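Observations on the model geometry
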Amino acid sequence: MVELRARWDGLVPGSARLVDELVSRYVDRDRRAYRDHYLDTVLTALDSLIQLSTDPTSVRLAAWFHRAVHEPGGPPAEDAESSARLAEELLPRYGVPPIRIAEVARLIRLTGDLAAPPPDSYAPPRRDANGDVLLDAVNAVLAADPSRYAVHTAEVRRDAGDRRAALERRYDEVRQLLDGHLYRTQLARQRLSPVARVNLESELALLDSELPAPWRGWQQAALTATATFSAIAAAIVAIAASGASWQVPALEDEVGWPPVVLAAVALVSAPALFRCARSASQRSRLIAGSALATGVTGLLVAWAQLPRTNPAVGVGLRVPLLISALLLFVLAGTAALVASLLRTRAARYLPARNVGQQLSWLVVPAVVALALLLIIQPLARNYVLSANERVEDSGRPAGKPSASAVDGTVAWVSKSVRGSGAEEAIGTKHGIAIPRQSGVIEMLDAATGVLRWRYSRSDSDEKPNLVATGDGEYVLAEFDDIGYLLLDADTGERKAAWPGRTRDYVLHQADPLLTGERVARGSDKLRGVDPDGDERWTFEPGRCTGIGAVATSDTVVTFLGRSCGEERDELVGLDLKSGKQLWSKDATDNYRRPVVVAGLVVVAEPGGDSDVPAALTAIEPRTGELKWRWPVPRDWACRTLMNAAGRYLVVVDCPTARKFEVGRTVVTAIDATTGRTAWQTTAPVSPRMKVTVTADGRVISLSRSDDACWANVISRTGFRQVRLPTGISCSRDARAIGNLVLTSGSDTIIALR
């Protein structure tokens, strides 16, 4: 205490009582921190720095007063403010000039924030010589003798009260100090900084051992896991790319080694990048940077070698897969490099293992796996789909077709559609869609036969199967090597590509859409599907069950056939939107060939071993109620054909038990609302002829004589035969789209007037 008073040494004349009061404050028995040895350390450091100040007296007075008032556990800012007020109260009594008192108070308040100076503090716009000297002297306690520093830090933590809160706060303070310069003056940096950093690192190690750290270090663990598993994922994708072609059709001399080399490099790099991410050495950063540079170079080379697409050449699946593998490899190198750069001296105090790090190692591979399944795979597929498709749009609006009177004249003839015929045409609201070889779909104007748009694919040489859906607004095209694509019937633009898992689904009905899946073992499945391929519901009735289904505007009627066990066949009604079961009942007969007419489902009751049904039965789809039953005449001998034409069910058969011996066909129109026969016509037409039915109930077939091709028209008014113009092929079937009748030429579609 005497030595401490000697340091005052007449700082303020006649101030013996003042120094006694200040010393008594620092040695008070109730004070647990910032005691006399702390003040002695500050004053000793100040003696070596004081020559840098412009007002040594003010700086010394501020050093004496800066912790004169101290509340246990209180923040430094409050102590500094109270100590400044104490100086403003006491110093005027001893004749200290007001201007000096103001400077002393200002300097004391500066000690309320002892954070490390910013990196640019070497040359600030305006220097505060007095403040820099005082703050460096106050921080000189950081460079005290290690034993003395340990005592000081223990006193500070004990003084703070809540031990855990004090440890956490001090841990953050030490990390912040180590990240800065510690001292503001060049002299203090040279003399004090090395020892101070050693003391702070020792304290940080001690704090780390005492602090619970359930989450600390998760960032480093996440980066390390990302580097490792991204490299593994790059190898997996590269292996998948090696089995695909670079372009379609594949070249015979196509180079196959790049994806194999990339897979090998990625696999070897995975453990190397793991080690690099956990090290801050220059060598580790060099290896991680080399991996990053290799991935970027590979991307540039792959981009430069992209195949140029045209109607005959397309992009293969290897292109997006190889680019995805390179991107994953770039991600792996970047994560390893960032992790290595972020490893500072403080990183050595990261816990070896905790909850945060363990979760990072669990979450990252899961995220990478999900990225492979939900991002990379769909993006690769979409890239191939988009890069290989072309739409040629004439901009011609759709016309309204006229009904075919079938008078022996032609309404229009299309341009060449080699490889396709009228029997493959489908009708939409915006024209007639025709599938062609080499992955081509053409939309013809139904009024003129002129091409409206053409959709083609470079990666397919198969003729697609077409159906109209969405009330005629869309064309759903099934490509054997691609899957289902949804096209806008008006423009030809692709609106959706069905998910890859639906590639093998079978269409039960096109509008509304129902799909099925046949299962080798277990139960077949029925699905309600939106035009874009999204499934609204799935119906799975049980083991050994075959499913047939037909849908009205709001209901699905399913026909379940059991092939094992003692369960009987069953009829089940489902809601079309939700798939919720509405009703079910046993089916004593295996109903066949369901047709939707006027909102009812009409089925054929089997007639024993014969193809001729015993009766036609109408079912109300919402309730399963039997609305009517129309017995089939016993002498009918052909396979009964049923077609819907407005509110009529048009039935085609042959009226004789001597099958095919008499060339006669009977056409019966049944009113679906009552189940009664509306009209019936018998015509001298061979029942072998394939027929088509118009929307107004006319049954039309084609037949050939020695010198001409004839159209056979059976309707309510009777039977008539019309000679067709030369050029129409009788060997190909006619097709009715609404009331427009289409026939085929040698390589054209011909609409009858």
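Up top is the structure.
What counts, and where the lines are drawn
- Once a new chain begins, its residue numbering starts again from 1 and follows that chain's sequence as written.
- Selection of residues for local features in this predicted model requires a pLDDT of at least 70, selection of side-chain atom pairs for listing and counting requires 80 or more, and totals for whole chains, interfaces and linings are taken over all residues.
- As a rule here, side-chain values come from all non-hydrogen atoms in the structure, and water together with hydrogens is ignored.
- Strands are runs of DSSP state E lasting at least 2 residues, helices are runs of H or I lasting at least 4, and numbering of each runs from the N terminus.
- Radius of gyration: over C-alpha atoms. The globule rule applied is 2.2 Å multiplied by the number of residues raised to the 0.38 power.
- Note on exposure labels: buried denotes an accessible area under 20% of the residue type's maximum, exposed denotes more than 50%, and partly exposed covers the range between, all computed with a 1.4 Å probe on protein chains only.
- Every residue pair with non-hydrogen atoms within 4.5 Å of one another is taken to be in contact.
- All accessibility values rest on the Shrake-Rupley procedure with a 1.4 Å probe; residue burial counts only the protein chains present in the view.
- Only strands joined by at least two bridges in the DSSP assignment are considered to pair.
- All axes here are fitted lines through C-alpha atoms, helices being fitted over the stretch that makes contact, and every angle between N-to-C directions spans 0 to 180 degrees.
- What sets the label is the angle itself: under 35 degrees gives roughly parallel, over 145 gives roughly antiparallel, 65 to 115 gives roughly perpendicular, and the rest give oblique.
- Definitions for this section: a left-handed crossing has its near helix turned counterclockwise from the far helix by less than a right angle. A right-handed crossing has that turn clockwise.
- Gly is placed with the polar residues, together with every amino acid not listed as nonpolar (Ala, Val, Leu, Ile, Met, Phe, Trp, Tyr, Cys and Pro) or charged (Asp, Glu, Lys and Arg).
- Disulfide: a pair of cysteine sulfur atoms within 2.5 Å of each other.
- Surface patches are defined over residues having more than 30% relative accessible area and no salt bridge, joining like charges when they lie within 9 Å and nonpolar side chains (Val, Leu, Ile, Met, Phe, Trp, Tyr) when within 5 Å.
- Any Lys or Arg side-chain nitrogen found within 4 Å of a carboxyl oxygen on Asp or Glu counts as a salt bridge.
- A residue counts as positive if it is Lys or Arg and as negative if it is Asp or Glu; His and the chain ends are not included.
- Note on charges: their place is set at NZ of Lys, CZ of Arg, CG of Asp or CD of Glu.
- Residues enter a nonpolar core if they are buried and are Ala, Val, Leu, Ile, Met, Phe, Trp, Tyr or Cys, with the set joined through side-chain atoms within 4.5 Å.
- Multiplying 1.5 Å by the helix residue count minus one yields the expected span of that helix.
- At every residue, the bend is computed as the angle between two fitted axes, covering the seven residues ending there and the seven beginning there respectively.

**Observations regarding the overall build of the protein**
When helices and strands are counted, the protein shows 15 helices and 35 strands. Taken over C-alpha atoms, the radius of gyration comes to 45 Å for the protein, far larger than the 27 Å a tight globule of 753 residues would show. Seen through its principal axes, the protein has C-alpha atoms that stretch 140 × 60 × 50 Å. A total of 753 residues make up the protein; the buried ones form 49% of that total. In the protein, the proportion of contacts linking residues at least 24 apart, taken out of those at least 6 apart, comes to 57%. When the accessible surface of the protein is split by element, carbon and sulfur atoms take 52% of a total near 35,900 Å².

**Points about the sheet that holds strand S17 (residues 545-551)**
Sheet strands associate in pairs through backbone hydrogen bonding, adopting either a parallel or an antiparallel arrangement. With antiparallel pairing, the four strands of this open sheet are ordered in space as S17-S18-S19-S20. The open sheet has two edge strands, S17 and strand S20 (581-586), and neither has a second partner. Strand-to-strand twist in this sheet, taken as the mean axis angle between neighbours without regard to direction, amounts to 20 degrees. In the sheet, strand S19 (residues 570-575) pairs with S20 via five bridges, with the strands oriented antiparallel. Pairing of Gly573 across the sheet is with Trp583, part of S20.

**Digging into helix H4 (residues 56-65)**
The buried fraction of H4 is high, at seven of 10 residues. Looking at H4, one finds that the buried residues are Ser58, Val59, Leu61, Ala62, Ala63, Trp64 and Phe65.

**Observations regarding the packing of helix H14 (residues 318-342) against helix H15 (residues 355-387)**
Look at H14 against H15: their axes get within 8 Å of each other, and the N-to-C directions meet at 140 degrees. Put simply, H14 runs oblique to H15. When you trace H14 past H15, the crossing you get is right-handed. Residues Val319, Pro320, Leu321, Ser324 and Leu328 of H14 pack against Leu372, Ile376, Ala380, Tyr383 and Val384 of H15. The class makeup of the residues in the contact of H14 with H15 is nine nonpolar, one polar and no charged.

**Let's talk about the state of the cysteines**
Working definition: the covalent bond between the sulfur atoms of two cysteines is a disulfide. Applying the stated criterion to the full structure yields two disulfides. Covalently, Cys709 is tied to Cys730 through a disulfide, its sulfur atoms 1.5 Å apart. Here the disulfide of Cys709 and Cys730 is right-handed, its torsion about the S-S bond being about 105 degrees. In this pair, Cys709 is assigned in strand S31 (residues 709-715) and Cys730 in the loop between strand S32 (718-724) and strand S33 (735-737), connecting sequence segments 21 residues apart. The pair formed by Cys709 and Cys730 is uniform in burial state, with each residue classed as buried.

**A closer look at a negative patch on the surface**
On the surface, Asp461, Glu462, Asp480 and Asp481 cluster together into a negatively charged patch. Tracing the backbone shows Asp481 in the loop between strand S10 (474-479) and strand S11 (483-488).

**Quick notes on the nonpolar core**
Core analysis: the largest hydrophobic core is formed by 63 residues, its most contacted members being Trp8, Trp64, Phe65, Leu91, Leu142, Tyr183 and Leu200. Contributing elements (two or more residues each) for this core: helix H2 (16-26), helix H3 (36-49), H4, helix H5 (76-90), helix H6 (98-110), helix H7 (129-138), helix H9 (163-178) and helix H10 (186-210). Ignoring anything within four residues of it in the chain, the contact list for Leu200 reads Leu142, Tyr149, Arg170, Val174, Leu177, Leu178 and Leu182. Ranked by size, the runner-up nonpolar core spans 40 residues in total, among them Val237, Cys276, Leu328 and Ala336.

**Things to note about unusual backbone geometry**
Excluding glycine, a negative phi dihedral is what most residues carry, and trans is how most peptide bonds are arranged. With an omega of -5 degrees, the peptide bond running from Val248 to Pro249 counts as cis. Tracing the chain through its elements places Pro249 in the loop between strand S1 (247-248) and helix H12 (257-277). Of note, the amide linkage connecting Asp511 to Pro512 takes the cis form, showing an omega dihedral of -5 degrees. Residue placement: Pro512 occurs in the loop between strand S13 (506-510) and strand S14 (513-517). In this model, Leu182 sits at a positive phi of 75 degrees, which is unusual for a non-glycine residue. Relative to the elements of secondary structure, Leu182 occurs in the loop between H9 and H10. The phi angle at Ser438 is positive, at roughly 65 degrees, despite the residue not being glycine. Inspection of the secondary structure assignment puts Ser438 in the loop between strand S6 (431-436) and strand S7 (440-444). Among the residues examined, Ser438 registers a relative accessible area of 41% and is labelled partly exposed.

**A look at the sheet that holds strand S12 (residues 494-497)**
Spatially, four strands are ordered S9-S10-S11-S12 in an open sheet, and the strand pairing comes out antiparallel. If you trace the sheet from one side to the other, it starts and ends with strand S9 (465-469) and S12, each paired once. Taken over all neighbouring pairs, the strand axes of this sheet differ in orientation by 25 degrees on average, direction set aside. Two elements, S11 and S12, share three bridges in a ladder whose sense is antiparallel. What sits directly across from Leu486, in S12, is Ala496. Against the sheet, H15 makes contact with S11 and S12, and its axis sits at roughly 145 degrees relative to S12, the strand it touches most.

**Some remarks on H12**
With 21 residues, H12 extends 29 Å from end C-alpha to end C-alpha; this agrees with the ideal 30 Å at 1.5 Å per step. Of all bends in H12, the biggest is about 35 degrees, found at Ala270, and the proline Pro271 comes one to four residues later. For H12, the set of buried residues is Pro259, Leu262, Ala263, Ala266, Ser269, Ala270, Leu273, Cys276 and Ala277. Of the surrounding secondary structure, the elements contacted by the buried residues of H12 are helix H11 (218-242), helix H13 (282-304) and H14.

**Remarks on the environment of Val652**
Position of Val652 relative to the elements: it lies in strand S26 (residues 648-653). The class for Val652 is buried, based on a relative accessible area of 6%. Separated by 191 residues in the primary sequence, Val652 and Asp461 have C-alpha atoms spaced 37 Å apart. Filtering out sequence-adjacent residues up to four positions away, Val652 remains in contact with Arg639, Thr640, Leu641, Thr665, Val666, Val667, Val691 and Val699.

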